[in-house]
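# Overview (structure and organization)
Read off the chains here:
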Protein chains: 4
Amino acid sequence: MNKGFFMNDYGEGAHPSVMQRLMETNLEHTCGYGLDEYSLRAQALIREKCAQSQAQVHMMTGGTSANMIALSAFMRPYEAVIAAQGGHINVHETGAVEGSGHKVLVADSLDGKVLPESVRAVCAAHPDEHMVHPRVLYISQSTEVGTVYTLEELRALRQVCDDCGLILYVDGARLGSALVACGMTLAQLASVADCFYIGGTKNGLLFGEAMVIVNPALQKDFRYMIKNRGGMMAKGRLCGLMFLTAFEHDGYFAWAAHANAMADRIRRAMDRRGLPHLQRTTTNQIFPVLTPEQDAALSERFAYERWGVLEDGRIAVRFVTSWATTEAEADALAQALEAL
Amino acid sequence: MNKGFFMNDYGEGAHPSVMQRLMETNLEHTCGYGLDEYSLRAQALIREKCAQSQAQVHMMTGGTSANMIALSAFMRPYEAVIAAQGGHINVHETGAVEGSGHKVLVADSLDGKVLPESVRAVCAAHPDEHMVHPRVLYISQSTEVGTVYTLEELRALRQVCDDCGLILYVDGARLGSALVACGMTLAQLASVADCFYIGGTKNGLLFGEAMVIVNPALQKDFRYMIKNRGGMMAKGRLCGLMFLTAFEHDGYFAWAAHANAMADRIRRAMDRRGLPHLQRTTTNQIFPVLTPEQDAALSERFAYERWGVLEDGRIAVRFVTSWATTEAEADALAQALEAL
Amino acid sequence: MNKGFFMNDYGEGAHPSVMQRLMETNLEHTCGYGLDEYSLRAQALIREKCAQSQAQVHMMTGGTSANMIALSAFMRPYEAVIAAQGGHINVHETGAVEGSGHKVLVADSLDGKVLPESVRAVCAAHPDEHMVHPRVLYISQSTEVGTVYTLEELRALRQVCDDCGLILYVDGARLGSALVACGMTLAQLASVADCFYIGGTKNGLLFGEAMVIVNPALQKDFRYMIKNRGGMMAKGRLCGLMFLTAFEHDGYFAWAAHANAMADRIRRAMDRRGLPHLQRTTTNQIFPVLTPEQDAALSERFAYERWGVLEDGRIAVRFVTSWATTEAEADALAQALEAL
Amino acid sequence: MNKGFFMNDYGEGAHPSVMQRLMETNLEHTCGYGLDEYSLRAQALIREKCAQSQAQVHMMTGGTSANMIALSAFMRPYEAVIAAQGGHINVHETGAVEGSGHKVLVADSLDGKVLPESVRAVCAAHPDEHMVHPRVLYISQSTEVGTVYTLEELRALRQVCDDCGLILYVDGARLGSALVACGMTLAQLASVADCFYIGGTKNGLLFGEAMVIVNPALQKDFRYMIKNRGGMMAKGRLCGLMFLTAFEHDGYFAWAAHANAMADRIRRAMDRRGLPHLQRTTTNQIFPVLTPEQDAALSERFAYERWGVLEDGRIAVRFVTSWATTEAEADALAQALEAL
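Residues numbered from 1 in each chain as written. Chains lettered and ligands numbered in written order. Predicted model: local features only at pLDDT ≥ 70, side-chain atom pairs only at ≥ 80, totals over all residues. Heavy atoms only, no water.

## A closer look at the relation of the copies chain B and chain A
- Mapping chain B onto chain A calls for a screw motion: a turn of 180° about the axis and a shift of 0.0 Å along it, with 0.0 Å RMSD after fitting. Both chain copies can therefore be described as sitting about a two-fold axis.
- Take the interface residues of chain B: 100% of them recur as interface residues in chain A, which is what a same-surface contact looks like. (Least-squares fit on C-alpha atoms with pLDDT ≥ 70 in both. Contact = heavy atoms within 4.5 Å.)

Set out below in structure tokens:
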């Protein structure tokens with residue numbers, strides 16, 4: 001018997017509607033490198049959803065590649081990007097940002113969210129040419145610990161960026177789940193961010209992230225940057241077609257809403273059982289704290305990640321839901337949690 | 001009416017057997033980043049085909065990314081790679097190799113193939129620390145102009161590399177067509193190269209190239225390099241599964257053989273008509289030289305690339321065949337060529 | 001009237017014996033790029049002082065350049081260097097290390113000195129290819145806050161490095177003052193470090209640092225690295241000659257001892273007056289904490305740097321002595337401090 | 001007996017007036033990093049000589065460092081610099097430009113001078129994002145083979161740069177000799193170039209090059225770039241003071257004129273003797289072609305560099321004069337040449 005799968009959201013395949021579209025169009029001939037009709041239509045549709053007719057949209061192959069290419073496109077060699085200590089670019093990208101020549105500066109965060117005053121402090125602490133010059137503020141929506149910035153919080157960060165001459169860049173690897181969780185639209189996000197990407201890998205696509213460059217000052221020659229950093233796919237239509245499928249009928253948001261709903265079932269069961277959270281969330285990641293016994297019992301029937309061991313010996317774990325999590329799977333986990 | 005498609009080999013989708021396999025396994029859960037069972041099985045199978053039980057095999061997302069990651073893994077900052085003037089890394093990768101810090105040195109070539117004596121001359125011209133130090137010889141099999149190195153030619157280059165302390169790296173974006181064209185096996189290639197990649201994008205896969213690192217001295221921490229340069233895919237199983245499908249029943253070679261056979265039909269028609277080649281080839285790329293009138297007539301019914309204009313006003317064009325080229329399409333082009 | 005100069009130790013010229021030697025040899029012809037007789041003799045002499053007959057010695061133009069070149073010579077692209085939060089490479093080199101592609105990881109420190117257990121923790125927190133791989137431990141002797149590692153402390157760090165597979169690299173911008181302060185010899189330092197540099201700029205030379213690579217595994221092609229990173233001086237003999245002058249009669253240590261002695265006079269006056277230290281030191285940097293009134297009074301007669309403002313409004317300042325600080329200057333400052 | 005020294009122009013020390021000034025000011029205290037009074041005065045004076053009141057002037061430590069820093073400041077990652085095949089950045093800087101991420105593209109040259117039409121051809125051959133984007137034209141004045149661009153030739157290149165969107169950058173390692181040789185002023189050079197450096201190392205200074213950034217669009221944050229690439233000297237006043245000395249009484253030009261005059265004596269002797277030139281020059285480098293016997297005889301009494309061996313067995317050599325070459329030395333060589 002297979003275990004219920006709550007390990008992550010990238011261990012899934014693509015949504016069936018995406019696969020069907022890939023099958024249907026498989027024998028078509030298109031031009032390469034993302035200049036085909038499907039890519040153009042996907043870009044136009046995303047611009048429309050963002051209510052940004054002048055935005056550029058580029059299809060990227062993955063999150064680390066997308067972050068590294070965008071950040072190195074936006075900065076000169078001595079410029080640096082500010083992120084939370086646990087930010088993906090600071091910890092989990094094997095130094096890709098530094099590999100393209102740029103320092104990652106750390107700002108304090110609360111609940112995984114960068115604090116505006118700390119961003120100001122980092123800028124104030126870098127006044128002259130003996131130090132790097134802060135140039136980009138990197139945040140994730142949702143964050144590494146599954147929390148979400150409200151629109152008010154994003155506007156506060158926007159203000160800091162305006163005051164300090166920073167570009168606001170949003171890593172949207174799990175953007176679908178985040179937007180649905182807090183009722184934010186792409187247009188609202190696009191109204192505060194200079195650039196962000198819409199994550200496809202973790203929400204229904206085989207792979208691919210759509211980079212939206214809102215700020216015209218950052219758009220120049222971006223395709224050169226993609227190619228220079230090894231991120232341009234010959235069969236670019238694949239990403240175009242998959243994003244087109246995801247946004248034509250707003251499947252992207254429906255899939256994310258499903259993932260969140262499955263997570264809600266699990267959260268409610270935890271609340272009923274009184275299980276603590278390492279970090280309370282509203283998105284598709286849940287971080288319960290279990291006793292070793294609870295963990296042992298649960299791990300026999302469910303696949304999930306052990307996140308860390310607390311000082312008192314308890315174990316923080318992570319459950320992740322996705323578009324593919326079935327109600328039966330979610331309910332099975334919910335019941336098992338209640339029965340702990 | 002659609003034109004017959006001879007524009008390139010990456011404007012195609014994936015071979016139906018590959019698509020079917022992707023569909024069948026779409027809802028399976030696997031671990032990420034290329035550590036899944038499909039990837040492991042594909043790697044083992046490729047090692048077996050190469051008769052190199054100690055080789056490492058890594059799945060890469062595309063050619064430019066694969067070249068840049070391998071070359072920057074193998075070289076220290078002051079080291080350089082030698083290539084033909086028209087080598088893909090020298091012209092068509094937007095400076096990706098230089099972007100990772102390394103100079104591309106140019107060796108003379110004939111029929112697109114690097115000349116051994118010229119490689120020696122380049123090395124001799126770089127004797128001390130005021131110049132870069134040549135470290136890798138980069139060649140493509142087939143070359144940019146569709147020609148193929150014989151095993152004897154590869155052995156001569158291997159000898160030069162041994163004499164000069166060079167690593168022999170083979171770009172195999174079109175390796176299938178090349179090996180079939182000259183009757184070379186993967187094991188023979190692996191016996192002379194330190195590292196090469198097996199191109200999937202241009203021969204039946206949605207995307208992906210399989211990097212084979214034969215030389216154990218070059219294998220250390222290659223997965224770190226992939227991740228550091230943005231080339232590691234979360235759903236790594238996709239590449240694994242596609243390469244597994246391609247090699248389980250040797251489809252990879254059958255698809256390439258088909259592409260070559262379709263090209264042969266076209267070449268034979270050219271010969272019958274007496275049409276000249278810019279560069280005679282035996283692989284899936286053909287480079288006829290046409291008069292403007294011939295080009296005008298042909299381009300109404302067939303899609304192909306204009307390669308360049310000769311001094312006498314004639315036009316060199318490129319036809320590319322693939323696993324997806326039908327006999328009817330090839331014959332239509334062949335007949336049209338004869339009728340010019 | 002000029003103010004007594006305690007601003008820093010690089011605002012001074014060269015020791016008169018160094019200037020005299022430069023004058024005497026100015027019209028000699030030598031070969032360039034550090035291959036001249038003076039450079040060779042300086043290298044041999046430093047090897048002898050370090051009791052490391054197999055060590056390489058290279059003349060570098062400055063501290064940031066020296067650090068960046070050595071660190072990028074020792075690391076592969078995905079590898080990282082560990083340093084204290086306030087380490088020079090982490091804060092005051094404008095991202096030069098990241099500019100060469102490498103992340104700086106931060107270890108906890110006490111009194112400016114990296115804690116061995118924290119280095120182990122950093123290594124333990126970077127277990128796989130999704131994160132950078134720690135490869136070098138960077139420390140400064142003396143540290144940024146003027147403290148000194150004892151030989152015992154260095155040996156503890158050496159043990160950590162051996163356990164964790166780290167290279168121990170010592171930034172010796174103020175090595176003279178440090179060694180004199182704790183009675184450590186160059187040979188003792190060389191017995192624990194894989195590589196270190198002997199700072200000339202801040203102790204009697206016009207410029208220049210002597211990089212000593214003790215570990216043979218790190219020596220390969222270092223001159224290529226120097227040239228590739230822009231650090232090779234055409235008139236390399238200048239550094240050679242200056243270091244030869246500094247070490248032929250151990251002037252280097254005498255000059256540092258003088259600087260320390262002048263600092264001791266100031267420290268003793270502070271103790272008599274009961275003035276607190278931000279960080280107690282034994283080297284040529286002193287960090288008194290002053291009231292705004294004391295600072296105002298003192299700054300009329302003496303030039304020094306304001307280091308920071310404490311929460312209670314008091315001001316931490318820095319006095320730096322050097323080979324050029326006269327007894328009269330030191331005594332004048334000492335008296336002024338006692339009279340506050 | 002010492003041989004007459006014609007090996008190069010960087011094997012010399014500094015002009016006596018420079019050394020005297022360094023001695024006189026050695027015990028002064030100044031602020032560091034090139035912000036001192038001497039540096040400011042030197043910068044102002046150079047701006048005045050260039051008749052460019054808005055130009056920035058920065059003191060650099062050496063030629064390779066200066067080239068690499070300027071070029072990487074001016075280009076985005078996918079941009080490339082065009083140079084002659086034998087250009088210093090293309091051959092003799094150990095890949096420093098590529099090490100900072102940029103490709104060097106080669107344009108055809110005649111007598112060492114880049115041909116305008118070839119620059120246009122290189123630009124035309126790089127039309128899209130699959131190739132690097134040419135951004136800077138790099139030339140040397142004088143060239144690697146001692147020739148000089150006339151003002152007319154520079155204006156033709158300026159026109160090409162304007163037409164193609166290129167920055168015109170001039171490497172002035174031997175600028176003094178070049179300007180004197182063709183009667184060009186700094187102001188004339190500054191009227192056509194976006195940026196150039198005035199070489200000090202090879203004309204009377206211990207070290208140092210003065211970077212003049214004429215184009216305001218290229219000036220932003222240049223000091224950050226210098227520091228980030230390891231080129232900022234703590235005792236920045238050294239360069240400032242040396243350049244101030246060189247330009248206060250136009251010594252820089254007088255020294256170069258002397259070097260050229262000494263070269264002229266040698267050239268005249270060659271003409272009287274009928275000795276061929278590999279490349280005829282008017283600057284301080286001379287490239288005679290000798291028989292092996294002539295070379296053997298000459299090398300007993302004079303130190304010079306063997307430049308290459310011709311196909312017929314004759315030897316091209318290089319004589320270099322400098323501010324330090326005495327009339328007696330030049331005449332001795334002239335007589336020896338006539339007596340061959």
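## Details of the domain arrangement of chain A
All names here are of chain A.
- Domain assignment breaks chain A into domain 1 (4-10 + 256-338) and domain 2 (16-251).
- The C-alpha centroid of domain 2 is placed 28 Å from the C-alpha centroid of domain 1.
- Contacts between domain 1 and domain 2 engage 16 residues on the former and 19 residues on the latter.
- Between domain 1 and domain 2 the total buried area reaches about 1,400 Å² when both faces are included, carbon and sulfur atoms providing 52% of it.
- Ranking the residues of domain 1 by area buried against domain 2 places Ala256, Gln279 and Trp323 at the top, with a combined share of 35%. (Domains from an automatic or database assignment. Buried area = accessible area lost by both parts, 1.4 Å probe.)

## What about the interface of chain C and chain B?
- Contacts between the two partners involve 22 residues from chain C and, on the opposite side, 22 residues from chain B.
- A combined buried area of about 2,000 Å² lies between chain C and chain B, and 53% of that area is made up of carbon and sulfur atoms.
- Considering only the side of chain C, the residues that lose the most area to chain B are Tyr78(C), Glu129(C) and Tyr224(C), jointly responsible for 36% of the buried surface there.
- Linking chain C to chain B there are two salt bridges.
- At the boundary of chain C with chain B, the tally comes to eight residue pairs in polar contact (both at pLDDT 80 or more).
- Counting residues per element, the ones that place at least two in the side of chain C that touches chain B are helix 3 (63-74) and helix 10 (222-228) of chain C.
- Looking at which element gives the most residues to the side of chain C that touches chain B, the answer is helix 10 of chain C, with five residues.
- A breakdown of the residues in the side of chain C that touches chain B according to their chemical character gives ten nonpolar, four polar and eight charged. (Salt bridge = Lys/Arg side-chain N within 4 Å of Asp/Glu carboxyl O. Polar contact = N/O pair within 3.5 Å; in protein donor to acceptor, adjacent residues only side chain to side chain. Helix = DSSP H or I, 4+ residues; strand = E, 2+ residues; numbered from the N terminus. Nonpolar A, V, L, I, M, F, W, Y, C, P; charged D, E, K, R; others polar.)

## Topic: the sheet that holds strand 2 (residues 56-60) of chain D
Residues and elements named next belong to chain D.
- In space, the seven strands of this open sheet follow the order 2-10-9-8-7-3-4, with mixed pairing throughout. In this open sheet, the two edge strands, each paired with only one partner strand, are strand 2 and strand 4 (104-107). Neighbour to neighbour, the strand axes of the sheet diverge by 25° on average, direction disregarded.
- Strand direction decides the pairing type here: strand 2 and strand 10 (residues 209-213), joined by five bridges, are antiparallel. When the bridges of strand 10 are listed, valine 57 appears paired with valine 212. (Pairing = 2+ DSSP bridges. Axes fitted to C-alpha atoms, helices over the stretch in contact; angles between N-to-C directions.)

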